[in-house]
Every structure is written in C-alpha cells, then in structure tokens.
Amino acid sequence: MAEVSFHREIERLRLGDGETFQGEGILAVTKALLQSGVAYVGGYQGAPVSHLLDVLLEAEDLLGELGVHLQTCTNEAAAAAMLGASIHYPVRGAVTWKSIVGTNVAADALSNLASAGVTGGALIIVGEDYGEGASVIQERTHAFALKSSLWLLDPRPELPTIVRMVEKGFELSEASNTPVMVELRVRACHVFGAFKARDNVAAKVSAARRLGEPAAFSYERLSHPPATFRQERDKIDRRLPAAQTFILDNELNETLGPRDGELGIIVQGGLFNVLNGRLALAGLSDACGNVQLATHVLNVTHPLVPEAIVRFCAGKRAVLVVEEGAPEFLEQAIGQILRKADLNTALHGKDMLPAAGEVTPLVMAKGLSAFLTRYGRRVDPLAAWLDEVEAHRVAVAGVLAPLPPRPPNFCTGCPERPVFSAMQLLKREVGPVHVAADIGCHAFATFPPFSQGHSILGYGMSLASAAAVAGTQVKRPISVMGDGGFWHNGLLTGVAGAAFNRDDSVLVIMNNGYSSATGTQDIPSSQPNADGRGRGIEIEAALRSLGLTWVKRVRTYGVAGVLKTLKQAMTEPGKGLRVIIADGECQLARQRRLRPALAKAVAAGERVERTRFWVDPEVCTGDHSCMRLSGCPSLTLKPSEDPLRTDPVAHVNTDCVGCGLCGEVAHAAQLCPSFAQIDIIQNPNAWDRLRARLSGALIRLLGGRVAAAAPPPAR
Amino acid sequence: MTDAQPIRLLIAALGGEGGGVLAGWISEAAAAAGLSISRTSIPGVAQRTGATTYYIEMVRATGSAVPILGLNPAPGEVDILLATELLEAARMVQAGFVTPARTLVIAADRRVYATDEKVAMADGRAGKEGLSAALARFSKRLVLADLAAVAAASQSQLNAVVLGVLAGVQALPIGAATFRATIRAEGKAVDANLRGFEAGLKVAEAGAWPAPRPGPYSAPHPAPYSAPHPAPLPTDAREEGMNAELARFPPEARAVLREAVARLTDYQSAAYAARYLARVQRVAGEPGADGAFVRELARHLAVRMSVEDVIRVAQLKLRDARLARVAREARARQGDIVDITEYMKPGPEEVLGLLPPGPARWALQRVRHDRSWPLKVRTTRLSGFLRLRLLAGLRVWRPRTLRFAEEEAWAERWLGLVQRALAVDPAAAREVVATAALVRGYADTYKRGLANWTRIAEAVVEPGLSGALPRAHFADAVLQARLAAVKDPDGEALAATIAAITRIAAPETLAAE
C-alpha cells in the first residue's frame, strides 16, 4: 500500500457534470482520463507522477464500475508495450512514468508502437523531472517525440487547461493514429487548483464489456518490414498533416494579446505562468494573463503547425522563443519555418536565455529584459527588479556564510542505513572497493556521511555497470540494488548477465519490501496483504533458479553480521557472482502499520514493550564518530552540559524508533560506551513488576540506587 | 488589466514533517474564504528528511477573469515565509525570498542539524545567532519563537502551531474560524491539530513569543553549570579552604577550577585533585599566562586527567540521577518499567590497560590487536549492576594501571610543550593548549587522535620551539594543524597541512631539491 492515502481524492474522482473538482494537477489528469472513457491504465511509479497510479490503486471500486483495467507494470517498457492494445482495438489507454528515465526504458516499445500507429487513443503522461527538485539526469523528453513521431503536449500549468489537453489528447491521438505524450513538469504535477468536472464515461470496450474476438490478421499493423517502410512514410504523409489540422481546428495552441505589434513571444505552455509573472512586472500583463505583447502559447510543442507560426510572426520585427532545456528544438524548427516562408522576422531564444537549466522567474526576467531592450522597449520596472535582486544577493552574501546543504537522507530507523555502515567498516578491513550504485533510497548513501558509490547508470543497472570493473580490477566490486530495481530491470540486465558470464562480483540486494523511494508502492516480492498488490514472489528463488549458489541472507540491523558476510563475499576464493539479500522492511511502511496498532494496544491496557536508544552525555566525548557511521536523523547533536567541554555531544531525539543501529555500530566499530538501549514496558504485567521490584531491592541492598518511585510523567 | 496582486506565501520545511499538510490547510482555507489559489511543491525525494519547499499564491477572484498564478517563487516577491527550522529559513534568505520591503517571516526557532554539521569532528554547527540575525535583518517583520516547544507543550504538531501563528498575525484575509473549519474538514488528528492551532494563535496574539531556549550560540561560552551533577560537593569548611586555594588563580579560571577539583576528587581522590591544581599552578605562574589562558589550560587538563577509562565509564553508568533522566527522555509514563542496557565493547588496550605497565605491555604484545569484548550490560538487573559495580570499584587500583601511567606521561609532555611555548610566544602556547582537544574518544578514535596530536607535537610544535619554524608562523601553524586534524578522519588534510608547514620551516631544503 502506498505511502499516501487518497480516500478524499477518490471521492473527487466521482464528481459529475458542473461540479467543481479541487485537487492536485496529477489527480486532475486522473479525473480527465476517466472523463475521456479510458479503458485501461498503467505505468510505473516515480516522482512527480506517482500519485496518478497510487490513487487509482485505491479506487478499485470506481474502476470496476467503469470497467477500467488497471495494470501495475513492472517497468516503463511494460507500460509502453501495454499501449499495444490500442494498435488494433478502439480502446483508449493511458500510461504514466517519470521522464526522462522512464521514457528511456520504454523507448523500444515506444518506437514500435509509434511506427505501427494506434486506432484507440493512446496517451502517455510523462512527469518531466527537470529543474529544482529533480532526481534524474537533465534531458528533454522532446527528443523522443521528434525521433519517434509522437505528439507532445505541454499544457499551461492550470487545471482546466491540463484537463482539456488530456481529453483533446485522446482525440488527437485517434485523429492522427499517433500516440500522444502529455508532459507535466514537477510543479505542474503538484499544482493545486480547480476545474469544472464532467461525468465519467464508461468505455465501449473495457474490462466490463470485453471483445469476443481478436482483430483479424493485418500485416500493416506489425512493426516489421516491409510494413515499417510504409509506416515511416505514413507518419509524414498522413499522420502529421492530420495532427496539424486537428491542432488548428481545435485551437490547442493559444495566441494571446494584441495581434499586431512588432514584437512577439512564442512560449512552451508549461512556462506560460512564469512568463506572465515577469510580463506583469514589466507592465505588459496582469494577474489574469491579459498580456499586452503578442504571445503564442504552444500547448502542443510537437508537431508545430508552420502556417500558425508564420501567421504569428508575419509583420513582426522579432520573436523570442521561450523554451526550457537543450537542445533548442523549438527554436531550430521555428527558424526553419521562418526561413522557408521567407520571413525576415528576427529570431531570438537561447541567445538571450541560457541554453541549459530551468526557466525560473529570474532567468525569464533576464531574457525578457534583453529581448525588450534590444528592440528599444523601456523595461524600467524589470531592470529595477533585477538590480534589486542582485543588490540583495550581495547584501545577503555579506552577512550569511554558505549554508550546509540538506540533501534527502535515509529515514529514521531505515533498514538500508546499517548496510552502508557495514560497508564503511568493510573499507577499514579490505581497503577501498568499487561501489556501483543504483536508483532508489539506497542512492542516498552517495551523500554524507557515507559518500559511497562510483557510478549510477540507471534503475536496476548497478550490477551490469560493474561488469567490466569486475573484469579489470583485483578486488571484486560491490553493486547495490534495491528490490525495486531488481524487479524493474536488475534481474535480467544484471543478475542473468553476471550469472551467464560468471562475473566475479558482489551484489547486495536491499530487500525492504516496497518501491520505497517513489512512495512505498508494492512490487512483485511485496508481502501479500489485504490492501496491497504484493504477491510475495521470492527474490531468493529467482536467484537460485538462475543457478546461483552463493546467496546469503542477512538481517540488515545486525551490522556485525552484515560486515562478516560482506567480508566473506569479498575474500572467499572462487569465481562467480555472490549475492547478499539484505532483509529489513521499509521503516516508513512499518511504522505506518505499527504506530496505530501499538497506540491502540497501550490504550487497551495491553503489555507493550518499546525500545529506543540513548546517549549518555557524560560519557560522550563529542568526537561524533558515531554520526560518521550512521547519519540517522534521530542521532543528532546537543550542546554539552559539561562546563569543561565545549563541543556538542551526541543525542538521540524522541523520533528514535529503536532500530538498534546506534548500539550495533558502537559495537561493530568499537566506538564508545556512551550508547544505551532503553526498554520501556508499558502496562507491565505482574511478573514484570515482581522482577523489577526484586532487582531493585537487591541492587539497593548492595548500595546501589534505583529509581525509588515511578519516574515523573513525560513532559 | 486588473490591478489585483496575489499574496505569495512560501513554506520551507524538512521532508516528512508535515509541510505539505500545512500548505494544504492554507490553500483549502483560502479557497473557503473565496480566494483563487494556486499551490505547488518541490517534494520529490526531498520528502526523505531533505530540505523542501511549498509555494502558494492567492488572489481575490474578480468577476469571471481567471487569475494566472505563479508556480515558482520569485526573489523579492514573497510576502510571507513560514519556516519550520532556522537553517531552512536562512536558506530562503540566501535564495533572495526574504526582503525588508515585504516579507513577514514566521519561523520556528529551533535547529535540526544537517548531516554535514553533525559529522564534523569538532563543532560543525551553523551558528544559530548568525542565522537569526540574517532573518532579523532581511525580513520586514519577524516572528521567531520556539514553536516546537509550543507544539510539545500543547501535545500537537509543529505545523498546526505554525498555522495558528499565521492566523494570529492576521496577514491573510482568512479568519481563524475558517482555519479551524479546514482542520476539522480534513478529519485527521483533529483534536491535536486544533490544540496546536490555538496554541499558535495565542503565541501571535500575545505578541510576546517564548524566548528561544539558550543554545550554544546565545552563550558561546559554557553557561554557569547547573546540570545535576553527582560529584560530592565540598562542605562549608572545605568550601572555605577551596576558596582560599582558588584565590591564587586568575578570576576567569576559578569556575572551571572549582568544577575540575570536584570532578577529579570524584574521579580519583582529593590528593589527585591537588596534583591537578599544582600542575595548573606550575604553568599559571609563567609570564604570558593570562586569565583566559589559565582557564583553557585548566579546562583541557581536567578533561584529560579525568579520562573515561573502563573504571570511569562504569562509575558514570551507575549514577543514581541517571535512571530518572533516562525515563524522562524516553517519555516513560507513571507505572512503566524502564530497563537500561549499556553497550560496551572494550578492546585490548582498555582491558589490559587495567594491569600494571609491565604485565600490560607484555600481554598487549601477545593479544590480537583487533580482539574486543562486546558487552551488553543491563544495569537495572542485579547481574549487570554487579559487574559495573566491580569495575567502578577498581578506582583505588587505577594509579597502578598502564592506562593511568600513559595518561600521566602524556599530560606531562603536553604541559612541558605549553611551558616551553610560553617562553617563545604566548599566542603559540595558547594554540598548543588547544591541541589537547584532539586527544579524546575511545578505541580507534582515541588512537587516531593521539597519533594526530603526536604528529603535530613533533612536526609543528617542536620546530616552532627550536626556531626552525619562524616565530611569526608558529601560532598560526599550530592552529592550522589542529583544524586540519579534525577536518577528515583519514588524516589527509593534516598530512597536507604539515607538509606545507614543513616547507615554511625548511625552505632551503626545498630549494635544494
């Protein structure tokens, strides 16, 4: 079951004609899918689009009523391939994933899908993980649209436009027999707003109304030569013009502001709000988007419609193309359109805006200011604002030293942290080791205090990325992979490959039971339970089925045991892949389950034992070596109470979940004797009380002191 | 063209502490109050305890026009900043979002330390004073209060308290009743959230918010010692003798000396404490040893002379005040049973160090270096108590142990260097005093610290004393070496620094190479 619960959102998915839907952008997309009569949905989780799938997984009743088939795809390639249902059949399907990475994984299926073309509308909702908050390489999805002839929508980031583009996207897909991608940036996925809902539509062909017979054989629908040669021509000769006609007829792109005037701006839909904010500052727009400078908003960024571009640019001295990221595909295409139309309109874009990086308000203001100034427009308020921002930056720099960064970290009590503590200790014994990192929570080990990992090549790719390292180094490399990565890709790309080649390599699989980094979604090996989709498919059985014999399981919190097993894997003679399955349930998921249950038990008077850790401030010498081996958020600092010591001492705050890592590390690394485990028995039974009284009495008898009475209640 | 200007609100928070819920409350309440709103966030993986932000714009909807609201905060255009932590608030100042012309800042005056601050080998914390000063300087209006304490006192969450403060300062056209209704409508932990909201409301309405807890930066040097300390307090008669004794030392050093004497008496004996005072006095009599110098010398010497050997650790773990404190920190309730299990893992140096130097050295050469004895001692049970009691009882034996002999030798060596340095350059002597902080901790940490100290003594202090290192560089060289020693545990920075110092000390050699 996913991290966030969506009960209220599910109610909103049921809204009908004229009612107001309020919610996040990505949930508006979900509602729009249902309003469009979608027959099947799937995808692979990842920020910023995880919620689309999470909410649908919880909305099984509603999906059942509408007959929507929901597939939990094991990776993006599976999701893209699933759209193959729309090649022959008039069924609308939508899949979602995080781009650029998901699109990369899906690329093979996407190319084949795009070549064959679709009958039923096929939509791909891609979360463009670009700019602030992004967690992946910075590339544009646009390139895929160009190379595979997929249409790319980039709606203005407000709910009514996003919803309209999803609905129109299906129509566009069907009108041009082409799959359509809807690109939403991080902030657009999370934008909260409202739109007027429409009734949900049940598909004509769906899980509830199944087709009796498959389609007839048609070679033309296969992405196989010689059909592929005809399909390539069809893309250009028929599908492209059909799409362009649809875009024009339905006015998917918007031209705002005065039609005349010597200057104009062409902007990606997703960037319009940033543009409008800076235009308003320059006195060229207002809070409602009444722009005073001709602006062409591309809610469809591929394909462009040359005649619309020519119409917009004709008679203008210059246009500025506002486009995010590199290469500047739009600027290149518009330049070509202008040249072919023999228009003399000057074209600006990346000469005034930076070639790489997010278009923030500051970046936009600089570009806009350069553009307007170049053509003799006064930009006083804009220039004044830029000066103020710079003056403020200088003033702040004079007062505030660079601040320590705060990257994401393993949660308190995370089961993966102890494995990296053990790997730090391993380095002391066997020296530095090449570590192939992967995608997932365990990638946080690349940040301090662990700072481990030589490369990240993609989700589930760690073992494959270490193949040639294993073949060219004395010491075996260690590859770290999550169970998420294992099922996404790692089993085949990594493990089967290493087994096949008898790679001399070590693989650590973090078996925490979920795809945790994306929001604790279920994966094939998740334990089956009432609300989850886990099937309990065994990782170990999968490994053994490939003929691997060196497979060991460790409990992650036992640092000494993990260390010993790692050392064995590194040093034992012989060839072949050694796999360590590190078992430890995701603490986020565990606490979500345990906390309410324990609170209930305590309230009901049941005996409950609770554990947490404590640092003795009198014994701690303040050298913080424990933190360099842990990094747990609950293991922190506090000022020393000792007037003879000035450095802060270690302190375990009340967030501690008692995972035991502090004590294990203190032991395994022989750190210091200041850690103590505290066991609190709530609602103790008669035996507990007798035992405590007896120990207390004996200790007192021997001159010791124990708490005379029950401790004072917590503050 | 409309003149309506949106209100822009930015939230800076740590992942996983309810910033998203806070943003949700504000935007739902704004919608209920008839405002058009847009809210967005950059959670991503930052939800895993990293820094994260939420951004809201709201504007009074006029007629049928649909506002185009921004999704990105712009520098200098944020009206309200809510921050659940001081460093994150300051980060927003650095990003240009807090400006004297318009920004109201409501920030929780508390520090949650970032990993980089925690892993420093000495004190790596970003100064609290500097952070709040930046907020005070660049905000238009600042509500900086220990809202986490307010939350704890009202048994609620910080985000609800922040919401209450926001409602209380009346910076938004949204009434408190609307916020309350929003919390109720959300339906999760309603009672606790309402409690927090009301507590926050009071903070704002009172206008006087609770003063921040005194952190290390509001009192850069240790505040008067007030923590419960078990050391035997001198009786009145002893007190008088003590006062006379201390009168021989500069006033700045007396508080430290008094504390040190009590500690060393508890640690070993009154005679041991007297030996300590004699040592301090030996150096305090030298020219150039001013009050501050003597205080630091006395402080470091006391720490080293009360080194946490196995005996001391056992003694500390049997403190009677400890159990009550543990129970309080563990939030145990009336009637709960609290057990303490101590984690100890003495190595050969710790265990064999209890023997007299001769036999100890003999045994140490024969035992495996990486041998150690992991112990989990339950001190709240008889057997665990007895074991520690036995160890603590070895106190009278301590002066005969190898560890004691080694510590004594070290202290004499260090004091000797300090004395000789005083004769050369008091500023350098001050730095030699400070190097004592490098020797601390247990096992490997202790060995590494001692090794680093020895390298500095040999490669920096001795050349300074002999004149090989020019006097003008002496003090700074010792300081740089000490800072380098705590930069990384692998000693790379120290090696580089010592190499640089060696080049200064012997330029001819370098030129000859």
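Residues numbered from 1 in each chain as written. Chains lettered and ligands numbered in written order. Predicted model: local features only at pLDDT ≥ 70, side-chain atom pairs only at ≥ 80, totals over all residues. Heavy atoms only, no water.

A.B. asks: Explain helix α19 (residues 426-434) of chain B here, please?
C.D. replies: Helical geometry: 3.6 residues make up each α-helical turn, so side chains three or four residues apart lie on a common side. Residues of α19 of chain B that are buried: Ala-428, Ala-429, Glu-431, Val-432, Val-433 and Ala-434 of chain B. The inward-facing, buried residues of α19 of chain B contact α12 (291-305), α18 (402-424), α20 (443-466) and α21 (471-485) of chain B. (Buried < 20%, exposed > 50% of the residue type's maximum accessible area, 1.4 Å probe, protein only. Helix = DSSP H or I, 4+ residues; strand = E, 2+ residues; numbered from the N terminus. Contact = heavy atoms within 4.5 Å.)

A.B. asks: So what exactly am I meant to see when it comes to the confidence of the model for chain A here?
C.D. replies: Residues with a pLDDT of 70 or more make up 98% of chain A, whose mean pLDDT is 94. This stretch, residues 708-715 of chain A, has a pLDDT under 50; its non-local contacts, to residues over four places away or in other chains, come to 11 contacts. (pLDDT = per-residue confidence, 0-100.)

A.B. asks: Just checking my understanding: could you explain the domain arrangement of chain B for this structure?
C.D. replies: Interface size is commonly expressed as the accessible surface area that is lost when the partners come together. Examined at the domain level, chain B breaks down into domain 1 (7-206), domain 2 (310-400) and domain 3 (424-513). The centre of domain 2 of chain B, based on its C-alpha atoms, is set 34 Å off from the matching centre of domain 3 of chain B. (Domains from an automatic or database assignment.)

A.B. asks: Explain the layout of surface pockets to me, please; I cannot follow it from the model alone.
C.D. replies: If a probe the size of a water molecule is rolled over the atoms, the empty space left behind becomes visible. Volume-wise, the second largest pocket comes out at about 930 Å³. A per-class count over the lining of the second largest pocket returns 13 nonpolar, eight polar and 17 charged. (1 Å grid on protein atoms, 1.4 Å probe; cavity = no way out; pocket = protein on both sides within 12 Å on 5 of 7 lines; lining within 4 Å. Points joined across faces, edges and corners; volume = space filled by probe spheres on them. Nonpolar A, V, L, I, M, F, W, Y, C, P; charged D, E, K, R; others polar.)

A.B. asks: How should the interface of chain A and chain B be read in this particular structure?
C.D. replies: The interface is formed by 130 residues belonging to chain A together with 135 residues belonging to chain B. Approximately 11500 Å² of surface area, both sides summed, lies buried where chain A meets chain B, with 58% of it carried by carbon and sulfur atoms. Taken as a group, Arg-187, Arg-406 and Leu-644 of chain A account for 9% of the area that chain A buries against chain B, more than any other trio of residues on that side. Where chain A touches chain B, the interface holds 12 salt bridges. Arg-440 of chain B is the salt-bridge partner of Asp-647 of chain A, the closest N and O atoms lying 3.0 Å from each other. Our count for the chain A to chain B interface comes out at 48 residue pairs in polar contact (both at pLDDT 80 or more). If one sorts the elements of the side of chain A that touches chain B by residue count, strand β24 (residues 675-682) of chain A sits on top with eight residues. As paired elements, β24 of chain A and strand β7 (residues 337-344) of chain B share six bridges and run antiparallel to each other. Residue Ala-676 of chain A lies in a different strand from β7 of chain B, and its bridge partner there is Glu-342 of chain B. (Buried area = accessible area lost by both parts, 1.4 Å probe. Salt bridge = Lys/Arg side-chain N within 4 Å of Asp/Glu carboxyl O. Polar contact = N/O pair within 3.5 Å; in protein donor to acceptor, adjacent residues only side chain to side chain. Pairing = 2+ DSSP bridges.)

A.B. asks: It is not clear to me how the environment of Ile-125 of chain A should be interpreted in this structure. Could you clarify?
C.D. replies: Residue and element names in this part refer to chain A. Within the element layout of this structure, Ile-125 appears in strand β5 (residues 122-128). The spacing of Ile-125 and Val-180 is 55 residues in sequence and 8.6 Å in space, taken between C-alpha atoms. Those residues in contact with Ile-125, other than ones at most four positions away along the chain, are Ile-26, Val-29, Leu-52, Val-95, Thr-96, Trp-97, Val-182 and Leu-184.

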